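Residue-level structure breakdown
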Amino acid sequence: MKRLTFALLLLPLALPVLAGQPEGWAYQLFVDRELWQQQRIQVAPRVQLGLLADSEAAGLDSDEGLLLNRAELLVYRPLKGRVLPGKGAKAGPMRQRWDWGFRLEGRYGSDFAPLYGVDEGRDQRLKLSLPQWYLQGYAPLLDGVTLQLGNFISPVGNENDSPNDPPRPFYSHSLAYDYGPKRHVGALFSARLPWAQQRGQWSADLGLVQGWDNLQDNNDRPTLLTGLHWRRRDGRFTLDWESLWGVEQSSEPGQLQAPFKVLSDTARPRQFQSLTLRYWNKDKRWRTDFNVIEGRQRGGDAGPGLISTDSHWYGANLTVVRQLAPQWQLAGGYEWLRDQDHAHSTLPGGIYQSGRISLSWFPEAWLRIRPELRYDDYRQAAGQPDQDNRWLLSLDATLFL
């Protein structure tokens, strides 16, 4: 913490230097800038710091104080194609040339989604990790297809761990994010569907992955990832449906994986699906996001913290974003989630309601400062902690370098 505090004291001295650098200055730290740009290779450092305080709550505890969420480096070659893995199709004629891309992310900080098989037993607050590493390829076949291989952020759900908006106008994570997958290792195939373009752009995803957040599968049975995406021609209305289907139980106690712990010698299937609608008004000053999730897990052996009976969780969240000015953005959100079966191992079972409001300020194009106020209301299920609520106040700063 002393080192982090010292770094923060020096940060104001460094900012004028960074502000004076030309766009893409990070190239100069590694290799000849012109050579890398010819190959379309991008280098992007990113730093996020947060200050957080909350009221005491029995089952809704969170880290408080000053946090280094991330100090990360992104090296990537963006893929050129009319369809992107897990992100939908683009308007226009099919690209006739083959293309390839890659992405490698290195991170140090408290924002950490463990990958089973490499990250077990890491209890320190600040951790070094590789959140993403994958290759992509585009082929001008059918109406345009892509293949992605490696470790990638889950395309299932409306929110991921990126600090960018969309899809994330808030500092705190939604409950839908807590109840969904974070990362996958495997293959994801995406294709633009050859339907009439005047009705919008359609695409589909099909993938085989090592379950939820796995480098080493805990049961040697792959999980099926599917998706269907629609984009209106003007890009102002989008629809995304994604799902996961597979068996996710562990046969040995040492292989149990949070947050849904299932122990069994026989197949215990899990399914999860997400539906997201996103709409912008004509001048794109207003944006509305509506997301619904639903998950089920077949129960296994009985034991402390284990899912022993069939469990079901579901919820919905609504976010409205208003662009007040080029440098200012206001966002408000409401979420409701039900987990009466206590499927989640680190959150108490029951019914949750949450409200959030944030104000983002961009004094420079590369700097965002964002205060947020959040209120959570929790009503317990049988055998869970008493009813409780929580206020959470945060302030974060993100440098997009």
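Residues numbered from 1 in each chain as written. Predicted model: local features only at pLDDT ≥ 70, side-chain atom pairs only at ≥ 80, totals over all residues. Heavy atoms only, no water.

Comments concerning the overall build of the chain
The secondary structure content of the chain amounts to three helices and 18 strands. Of all 401 residues assigned to the chain, the portion counted as buried reaches 48%. A fraction of 61% describes how many contacts in the chain between residues 6 or more apart in sequence connect residues 24 or more apart. Total accessible area on the chain stands at roughly 19300 Å², and carbon and sulfur atoms take up 59% of it. (Helix = DSSP H or I, 4+ residues; strand = E, 2+ residues; numbered from the N terminus. Buried < 20%, exposed > 50% of the residue type's maximum accessible area, 1.4 Å probe, protein only. Contact = heavy atoms within 4.5 Å. Areas by Shrake-Rupley, 256 points an atom, 1.4 Å probe, with all protein chains shown as cover.)

Looking at unusual backbone geometry
Cis peptide bonds are those with omega within 30 degrees of zero, and the linkage from D165 to P166 qualifies with -5°. With respect to the element layout, P166 can be found in the loop between β7 (145-153) and α3 (175-178). Here the bond from A258 into P259 is cis, since omega is 5°, no more than 30 degrees from zero. Secondary-structure assignment places P259 in the loop between β11 (237-247) and β12 (269-280).

Some words on the pattern of salt bridges
Per the stated rule, a full pass over the model turns up 23 salt bridges. With its nearest N and O atoms 2.8 Å apart, the salt bridge here joins R107 to D161. Taken as a pair, R107 in strand β5 (residues 99-109) and D161 in the loop between β7 and α3 lie far apart in primary sequence, 54 residues in all. Residue D234 is joined to R232 by a salt bridge in which the shortest nitrogen-to-oxygen separation is 3.0 Å. We classify R232 as partly exposed; its relative accessible area is 28%. Beyond isolated ion pairs, a larger network of salt bridges with shared partners links R46, R70, E72, R107, D111 and D161. (Salt bridge = Lys/Arg side-chain N within 4 Å of Asp/Glu carboxyl O.)

Some remarks on the pairing of strand β6 (residues 127-139)
Pairing of β5 with β6 involves ten bridges; the strand directions are antiparallel. Counterpart to Y108 in the pairing with β6 is L128. Between β6 and β7, which pair antiparallel one after the other, the connecting turn spans five residues, and L142 there sits at a positive phi close to 50°. (Pairing = 2+ DSSP bridges.)

Some thoughts on the environment of P163
Tracing the backbone shows P163 in the loop between β7 and α3. Under the relative-accessibility criterion, P163 is labelled buried at 1%. In this structure, the C-alpha to C-alpha distance between P163 and V47, residues 116 residues apart in sequence, is 9.7 Å.

Remarks on the confidence of the model for the chain
For the chain, mean pLDDT is 86; residues scoring 70 or higher make up 87% of the total. Here residues 1-24 is modelled with pLDDT under 50, and outside its nearest four sequence neighbours on either side it reaches 20 contacts, counting other chains as well. (pLDDT = per-residue confidence, 0-100.)

Some remarks on the nonpolar core
Counting residues in hydrophobic clusters, the biggest one holds 22 residues, and the most contacted among them are Y179, F260 and Y352. Once residues within four sequence positions are removed from consideration, Y179 is found in contact with W212, F260, F272, I293, W313, L337, D339, H344, L347 and Y352. (Core = buried A, V, L, I, M, F, W, Y, C linked by side-chain atoms within 4.5 Å.)

Quick look at the packing of aromatic side chains
All told, the structure shown has 13 aromatic pairs when counted by the stated rule. With centroids separated by 4.4 Å and ring planes inclined at 10°, the aromatic side chains of F260 and W313 adopt a geometry described as stacked. Residue F260 is located in the loop between β11 and β12, and its partner W313 is located in strand β14 (residues 311-325); the two are separated by 53 residues in the primary sequence. The exposure class of F260 is buried, given its relative accessible area of 3%. By way of ring pairs, the aromatic residues Y179, W212, F260, F272 and W313 are connected into one cluster. Note that K182 overlies the ring of Y177, its terminal NZ or CZ placed 4.9 Å from the centroid. For R270, the ring lying beneath its charged end belongs to W212, and the centroid distance is 4.7 Å. (Phe/Tyr/Trp six-rings, centres within 6.5 Å; stacked < 30°, edge-to-face > 60°. Lys NZ or Arg CZ within 6 Å of the ring centre and 35° of its normal.)

Comments concerning the side chain of T276
Looking at where T276 falls in the secondary structure, it is placed in strand β12. A polar contact of 2.8 Å, which involves the side chain of T276, links it to the side chain of N291. When residues no more than four places from it in sequence are discounted, the contact partners of T276 are G157, N158, T238, L239, D240, F290 and N291. (Polar contact = N/O pair within 3.5 Å; in protein donor to acceptor, adjacent residues only side chain to side chain.)

Quick notes on the environment of G50
As for its position among the elements, G50 is in strand β1 (residues 42-54). With a relative accessible area of 1%, G50 lands in the buried category. Put simply, G50 and R370 are 320 residues apart on the chain and 9.3 Å apart in space, counted from C-alpha to C-alpha. In contact with G50, other than residues within four places in its own chain, are G65, L66, L67, N69, Y171, L395 and D396.

Overview of the side chain of R368
With respect to the element layout, R368 can be found in strand β17 (residues 367-380). Since its relative accessible area comes to 3%, R368 is described here as buried.

Here's the deal with the environment of P131
Mapped onto the elements of the fold, P131 is located in strand β6. In this structure P131 comes out as buried when scored by relative accessible area, which is 4%. Separated by 59 residues in sequence, P131 and E72 have C-alpha atoms that sit 9.8 Å apart. Apart from residues lying up to four places away in sequence, P131 is in contact with E105, G106, R107, N151 and R183.

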